[in-house]
Amino acid sequence: MINKRCGWDETGAGGWIVGLALVGPFRFFGYFFLKKVTQYEKKNAIKKFVSCIQMIASPKDITPLITFRVLFGGLMMVGALRFMTNGWIEKLYGEPSFFFKFYGVEWVTVPSEIGIYWLYGAIALSAGCIMIGFLYRIMTVVFFLTFTYAELLDATNYLNHYYLACILGLYLIFLPAHRAYSIDAHLWPKIRRATVPAWTIQVLILQLTLVYTWAGLNKLNGDWLFHAMPLAVWLPEHTDIPILGYFFQFPETAYLFSWIGAFYDLTVAYLLMYKKTRMWAYAAVVVFHLLTNLLFNIGLFPWIMIFSTLIFFPGEAHRKVWAKLLGAGAQVQKSSPTPSLKKGSQGFPVVLAGFLLFQLLFPLRHVLYPGNVLWTEEGYRFAWRVMLVEKVGQATFYVQDPDTGRKSEVINSHYLTTFQEKQMAIQPDFILQYAHFLADFYQRKHHIHNPIVTADVFVALNGRTSRRLIDPSVNLAVIKDGLWPKDFLIKYD
Amino acid sequence: MNKYFLLGLATLLSFASCKMDDGGSMPNDCSPNFDHQAMFRHMADNLIIPNYQDLQGRVTLLSSRADNFTNQLNGESLHGLRMAWLEAYGVWQRVAQYEFGPAEEVLLRSSVNNFPLDTAVVNAQIQSGNHDFDLPDTYDKGFPALDYLLYGIGENDSVILEKYTTNPLAANYITYLTDLIADIKTRVDHTVTGWESTYRDAFVQNTGIAAGSSLSLIINNLNQHYELIKREKLGVPSGVLTLGFTNPDKVEAFYSGESVRLAQVALIAAESWYLGRGANSVNGLGLDDLLVEVGAMKDGQLLDAAIQAQFTTAISALNALQDPLSDAVDNNATAVQSAYNEVTKNLVNLKTDMPSVLCVSITYIDNPSDSD
């Protein structure tokens, strides 16, 4: 076992988790600051740590990366084409006249419908090129930039799996997934490799592990575990599914699914790391995600996970499949035997470790905000909160002219699509953005100076009756958006 | 190394669980012990179908009064026609909320009661003698167009009668009038036939909480109806949506001046549907019983009690208004504003709380793409 001194599992990814995320700081602290250890122990610790670092640079079969590249590229291409052919460009970008933004990237402008077709065309094209490995280094950059830009256009459409696709796209830029079984490797034999440094594969394993783990941890709340919410609302909507649908009428099914879902998310990545449990875990991946695909309107997400988790399988398995599909891979055999990192790229694992640490901690930022994150939605996004709440909101805005005292209720449908209105009514930062838009609009169109914008917002969370989300007396027009806790929110307690 | 892993996991777990603790009230049970089919049966047999049959009868009478009028063009037959129109319009307010199934097939609501009327369109069509009420984007027809033709085309009855008798376009006026009524009749007949033949059973058997289930249809359509009362019948005319500048000409039934009366019928109809109060005034199974069964509480009282009390308050606030509403919006603005506010207060109960506790989604707001 190549990594027995450092890792604790068979993919080697555990070495990262333990070494960099948890044990690393502990060890440094324990051995170098407390000084309660012998010189020998100190040396041994350093040795172990170094061996961990060496381990992540050890050569691994390239083929898991190839599988990932081909499936991810293909899926993203299909996704972009599907987006265009479903008419979603018209619906999501043609119909609205106002777009919600993520904090910090308000400058993103929405191009014309034609422009967005070009954008999605570029996503599809670059994803296709990634799949076949043509101009890989350029196309991964193009894909990441275009895809991310598309996601920044209107925050209304934020989905966790789009965020995941952005991150995976970002990783691909730095991973040598084009060095075998690709057009590039065919055209430029110099770049061919049979092996890659272990970290290039481990980093994807770790990212997926984080996604699952956070999704699982997020499910550990009272509503999910003890009220089977929101599955108790969603499952009975599907009683028309043959056989399985029969069970959805019973509340017990929702509880069963909630607990299984939480257990699955918390454990599956770790079970995928061990040879003994891997096949069973992967079978669970397939069944679980196909089931969610059947039940919920979640598009590409199940396929992203079913395809991506193949990265947990060892190189031999991938190589066998590729050899069967495309021959022994003559191009690989000719490749150089030394996969060691080039000078200058040795810093990558460190940068990646930093990014992974960020990925580990960022979903936890909601602890910095007061109140329940499911209610306030402060720190809600980018944290793998998947299918966690059923919310119904109703937001009535009022604009008042401070000079004349004249007041108007706003008809939201004049400015927002029904989908945007639905999303706005439950998310405080959208409420604020919309209030600012209204203030600006009434200033321009009705020549009201510094209009006062207030909103009465009621939200019902997970099958409860509604409550006020924000203080209806606050003039939202003068409140700046920011990362500080929004004090116009009414806490849930 | 496993212990480190477990240690880490335990740390994360404790982080997550302490934060996610739910301090609020408990969610409700989505699957109460309630006979949905019995409620649907009661609603179909004692509310929806009798009300539609009533409307069908009134529209038939309207049609024959129109024949009577065109045969004998005088003040008496005009009066008879107007009375039949008003009664049919009143019964329409009771069924306007059932805009699903057969009614949806013929776009009943937007065909028979789209207001305010664009008189320029109507006048042009009468002038040219060309009109086709079957075209998909013709909205200026139905009861509001009749309101104009029976009350609005002249300042008094003799001027109005003149349009149908000695006016050079008299024939066009008469054709337009009878075609308007025929269009209403066709659509109402289609709806009644639909309910009497197959839709009734389909409605009763369509259980569950999914989009398109009968419960979802009831809640969604009741809410749409309620929002139309709030916005179109009261909100737009009173000026609450236009910085307090009133729009008296945008009231329902502007020319006859019967707006308040019609709004009252519509609001009581919404209450009746909620309560399951039949055409014979017998209060059977309704959404109120379902909410009580679920045990939904709001602000320390039963949600049902809150809804019923607010219906009562809203109805009495509306009863305090006097026709014509087009005058009241300016001369009695406070009362109109108060009626609007009281009607509005129930909207959050009906549109946000009720669907939430019954686990029914508001389906006229749907995700256009994927969700996660």
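Above this text is the structure in question.
So, a few notes on the structure that sits alongside this text. Note that the structure is a prediction, hence the values are computed from the model and not measured.

1. Things to note about the environment of Y89 of chain B
All names here are of chain B.
At step 1: Mapped onto the elements, Y89 comes out in helix α3 (residues 75–95).
At step 2: On the accessibility criterion, Y89 (0% relative accessible area) is buried.
At step 3: Dropping the residues within four chain positions of it, Y89 is found in contact with N113, F143, P144, E252, A253 and L262.
At step 4: Among the polar contacts listed, one links the side chain of Y89 to the side chain of N113, at a separation of 2.6 Å.

2. Details of the sheet that holds strand β5 (residues 452–461) of chain A
Two pairing modes exist for strands in a sheet, parallel and antiparallel, and in both the strands are linked by backbone hydrogen bonds.
All names here are of chain A.
At step 1: Reading across the sheet, the 4 strands line up as β4-β3-β5-β6 and stay open at both edges, with antiparallel pairing between neighbours. Of all the strands in the sheet, the pair left with one neighbour each is β4 (407–409) and β6 (467–468).
At step 2: As paired elements, strand β3 (residues 391–400) and β4 share 3 bridges and run antiparallel to each other. What sits directly across from Q400, in β4, is K407.

3. Concerning the side chain of E151 of chain A
All names here are of chain A.
At step 1: Structurally, E151 is set in helix α6 (residues 136–152).
At step 2: Buried charged residue E151 carries no salt bridge. Nearest counter-charge: R82, at 11 Å.
At step 3: Sequence-distant contacts of E151, defined by excluding residues within four places in its chain, comprise F102, Y120, Y162 and C166.

4. Structural notes on the packing of aromatic side chains
All names here are of chain A.
At step 1: A complete count under the given rule lists 56 aromatic pairs over all chains for this structure.
At step 2: Where Y246 meets F247, the ring centres are 5.3 Å apart and the plane angle is 80°; that geometry is what we call edge-to-face.
At step 3: A residue is classified by how much of its surface remains accessible, and Y246, at 48% relative accessible area, is partly exposed.
At step 4: With a relative accessible area of 41%, F247 lands in the partly exposed category.
At step 5: Centroid distance F248 to F257: 5.7 Å. Interplanar angle 90°. Geometry classified as edge-to-face.
At step 6: When its relative accessible area of 2% is taken as the criterion, F248 is described as buried.
At step 7: Aromatic rings pair up to connect F98, F100, F397, Y415, F430, Y434, F437, F441 and Y442 into one cluster.

5. Observations concerning helix α12 (residues 287–294) of chain B
All names here are of chain B.
At step 1: Listing the buried residues of α12 in full gives L287, D288, L290, L291 and V294. Along the axis of α12, the buried positions cluster into a sector of 160°, meaning they face one direction only.
At step 2: Contacts made by the buried residues of α12 are with α2 (36–71), α10 (214–238), α11 (259–275), α13 (303–319) and α15 (333–357).
At step 3: G295, located one to two residues past α12, shows a positive phi value of around 80°.

About the thresholds
Residues numbered from 1 in each chain as written. Chains lettered and ligands numbered in written order. Predicted model: local features only at pLDDT ≥ 70, side-chain atom pairs only at ≥ 80, totals over all residues. Heavy atoms only, no water. Helix = DSSP H or I, 4+ residues; strand = E, 2+ residues; numbered from the N terminus. Buried < 20%, exposed > 50% of the residue type's maximum accessible area, 1.4 Å probe, protein only. Contact = heavy atoms within 4.5 Å. Polar contact = N/O pair within 3.5 Å; in protein donor to acceptor, adjacent residues only side chain to side chain. Pairing = 2+ DSSP bridges. Lys, Arg positive; Asp, Glu negative; His and termini not counted. Salt bridge = Lys/Arg side-chain N within 4 Å of Asp/Glu carboxyl O. Phe/Tyr/Trp six-rings, centres within 6.5 Å; stacked < 30°, edge-to-face > 60°. Arc of directions from axis to C-beta.

Coordinates in, geometry out; function isn't part of it.
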